[in-house]
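# Understanding the architecture of this molecule
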Amino acid sequence: RILAPERTMMFRVVYMSDGGEPCVHTGYRIEFNSALGPYKGGLRFHPSVNLGVLKFLGFEQIFKNSLTGLNIGGAKGGANFDPKGKSDGEIMRFCQAFMLELHRLISSNTDVPAGDIGVGGREIGYMYGAYKKLTRRFDGALTGKGLSWGGSLARTEATGYGSVYFANEMLATRVDSLHGKICTISGAGNVAIYTAEKLYQMQAKPVTVSDSTGFIYDAEGIDVALLKDIKEVRRARIKEYAAKRPGAEYHEGCAGVWTVKCDIALPCATQNELSLESAKTLVKNGVKAVGEGANMPSTLDAIEYLQKNGVLFAPAKAANAGGVSVSALEMSQNSERLAWTFEEVDQRLKRIMDNIYAQSKEAAEKYGAKGNLLAGANMAGFVRVAQAMHAQGWV
């Protein structure tokens, strides 16, 4: 019953290019499970999007959302549209055409999409504007909105901040903390940037970031302000960091980031980036913990090797749930017509991440997998959903 989506929708999306040519794409929304609350999950605009990819992501989303302890179900959606290389006008027209179909499915109490790959603040804005015109409603039907029209402070930082909170809780089981730790980070996007920022706040030192071309090693610690300028403002390649930061080294090939000696490794780039060979290198160099900031960045054999060698491992399903947690907090603020301060949202996020860690740890112990947070997160997430389905007559 839990394997089958409650509802799967596919629809045609047609928009006009700047040259006046009609462009046709396929849109999707998979409403997987609503036992715990309204469907919640991102929209992905990327050429690789298809039904199989979204079903996998939607299934995982059920249990990630369950772990937050909030009343949100699981869903995923998107389209095989690539925003890269498109003008603002083309992206706006596509988003409006996409919402022409999607608006029939969503509302603050039924299905609340957010952003994902290819869908940021610009795309959410265009879609929300179309939603309002089509429905004549100003409600929390989308999250990731602008701060002046219903968005939440700390949403941008949430995934990175949350992964650091989880890692610190994990280290506490060994009477340790992030204080004074050398940390390697992969990626240079939203998750990586705010992981680095929060590490500094926890008195740790991030020394690497990467993109698809290579990685930066900065023994003095990553300059977060410079990184934000390069990646968020100018949208340039990470190589520019070394040109502007004396002492920083640029190395070709992003996989080399895991050869840098560290105490804590935080993969925040993409799926399957941390291989078995990389795991062996990390263990050889004395890594103490690995925390997944990206979605499933470690291969299964890499995870098994890390766990067998006593490395603490924070699985993505639990460790990167900060983003969807603050999306749900945005829903709460919208319902109350309130805007919480950054500090209020950050405190709530920390409590949620601490609770996710506790749930994962306790479930692992209860079901015979003590110390295995990957198994614990899977089981804790599943049990809450299954109990709700059972209580509601297997809806």
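Conventions used here
Residues numbered from 1 in each chain as written. Predicted model: local features only at pLDDT ≥ 70, side-chain atom pairs only at ≥ 80, totals over all residues. Heavy atoms only, no water. Helix = DSSP H or I, 4+ residues; strand = E, 2+ residues; numbered from the N terminus. Buried < 20%, exposed > 50% of the residue type's maximum accessible area, 1.4 Å probe, protein only. Contact = heavy atoms within 4.5 Å. Axes fitted to C-alpha atoms, helices over the stretch in contact; angles between N-to-C directions. Parallel < 35°, antiparallel > 145°, perpendicular 65-115°, else oblique. Pairing = 2+ DSSP bridges. Core = buried A, V, L, I, M, F, W, Y, C linked by side-chain atoms within 4.5 Å. Left-handed = near helix turned anticlockwise from the far one by under 90°. Nonpolar A, V, L, I, M, F, W, Y, C, P; charged D, E, K, R; others polar. Expected span 1.5 Å × (residues − 1). Right-handed = clockwise from strand over helix to strand, strands pointing away.

Among the secondary structure elements, Asn 168 is positioned in helix 4 (residues 158–172). Of the residues examined, Asn 168 reaches a relative accessible area of 19% and is grouped as buried. Among residues more than four places away in sequence, those in contact with Asn 168 are Ser 177, Leu 178 and Met 202.

Before going further, it helps to examine the packing of helix 5 (residues 190–201) against helix 6 (residues 224–233). At their nearest, the axes of helix 5 and helix 6 sit 10 Å apart, and the two run at 170° to each other. Between helix 5 and helix 6, the angle falls in the class roughly antiparallel. Where helix 5 approaches helix 6, its residues Ile 193, Tyr 194, Ala 196, Glu 197 and Tyr 200 are matched on the opposing element by Val 224, Leu 227, Lys 228, Lys 231 and Glu 232.

Before going further, it helps to examine the sheet that holds strand 8 (residues 214–217). In space, the seven strands of this open sheet follow the order 9-8-7-6-10-11-12, with mixed pairing throughout. Taken across any chain shown, the strands that pair with only one partner, and hence form the sheet edges, are strand 9 (249–252) and strand 12 (312–314). Between one strand axis and the next, the sheet turns through 15° on average, direction left out of account. By the bridge criterion, three bridges tie strand 7 (residues 205–210) to strand 8 in an arrangement that is antiparallel. Bridging across to strand 8, Ser 210 finds its partner in Phe 215.

Strand order across the open sheet formed by five strands is 1-2-4-3-5, with mixed pairing between neighbours. Either end of the sheet is taken by a strand with one partner, and the two such strands are strand 1 (7–16) and strand 5 (111–115). With strand direction ignored, the average angle separating the axes of adjacent strands in the sheet is 20°. Pairing of strand 1 with strand 2 (residues 22–33), which is carried by ten bridges, proceeds in the antiparallel orientation. Opposite Thr 8, over in strand 2, you have Ile 30 as the bridge partner. Seen against the sheet, helix 1 (residues 51–67) touches strand 1, strand 2, strand 3 (39–45) and strand 4 (74–79) and runs at an angle of roughly 150° to strand 4.

Before going further, it helps to spend a moment on the nonpolar core. Membership of the largest hydrophobic core comes to 54 residues, with the highest contact counts inside it found for Phe 166, Met 170, Leu 199, Ile 216 and Ile 356. Not counting chain neighbours up to four residues away, the residues in contact with Met 170 comprise Ala 289, Val 290, Leu 312, Phe 313, Ala 314, Tyr 357 and Leu 373.

Orientation of helix 4 relative to helix 12 (residues 342–366), taken along the N-to-C sense of each, is 45°, at an axis distance of 9 Å. The pairing of helix 4 with helix 12 is recorded here as oblique in orientation. Judged by the sense of rotation from one axis to the other, the crossing of helix 4 with helix 12 is right-handed. Residues Ala 158, Tyr 161, Gly 162, Tyr 165, Phe 166, Glu 169 and Met 170 of helix 4 pack against Phe 342, Asp 346, Leu 349, Lys 350, Met 353, Asp 354, Ile 356 and Tyr 357 of helix 12. Residues of the contact of helix 4 with helix 12, tallied by class, amount to ten nonpolar, one polar and four charged.

Bringing helix 5 into the picture now. Over its twelve residues, helix 5 runs 17 Å from end to end, which matches the ideal 16 Å to within 8%, given 1.5 Å per residue. Among the twelve residues of helix 5, nine are classified as buried, and the element is accordingly described as predominantly covered. Where helix 5 is concerned, the buried positions are Val 191, Ala 192, Ile 193, Tyr 194, Thr 195, Ala 196, Glu 197, Lys 198 and Leu 199. Looking at the buried side of helix 5, the elements it contacts are helix 4, strand 6 (182–186), strand 7, helix 6, strand 10 (264–267) and helix 12. Of the residues trailing helix 5, Gln 203 is marked for its positive phi of about 65°.

Here the focus is the pairing of strand 3. Counting buried positions along strand 3 yields seven of seven residues, so the element is predominantly enclosed. Examined bridge by bridge, strand 3 and strand 5 share five bridges and lie parallel to one another. Each bridged residue has a counterpart across the sheet, and for Gly 41 the counterpart in strand 5 is Pro 113. Bridge count between strand 3 and strand 4: three bridges; the pairing is parallel. Residue pairing for strand 4: Phe 45 is matched across the bridge by Ala 79. A crossover links strand 3 with its parallel partner strand 4, the connecting element being helix 1, and its sense is right-handed.

Any functional reading would require information that these geometric values do not contain.
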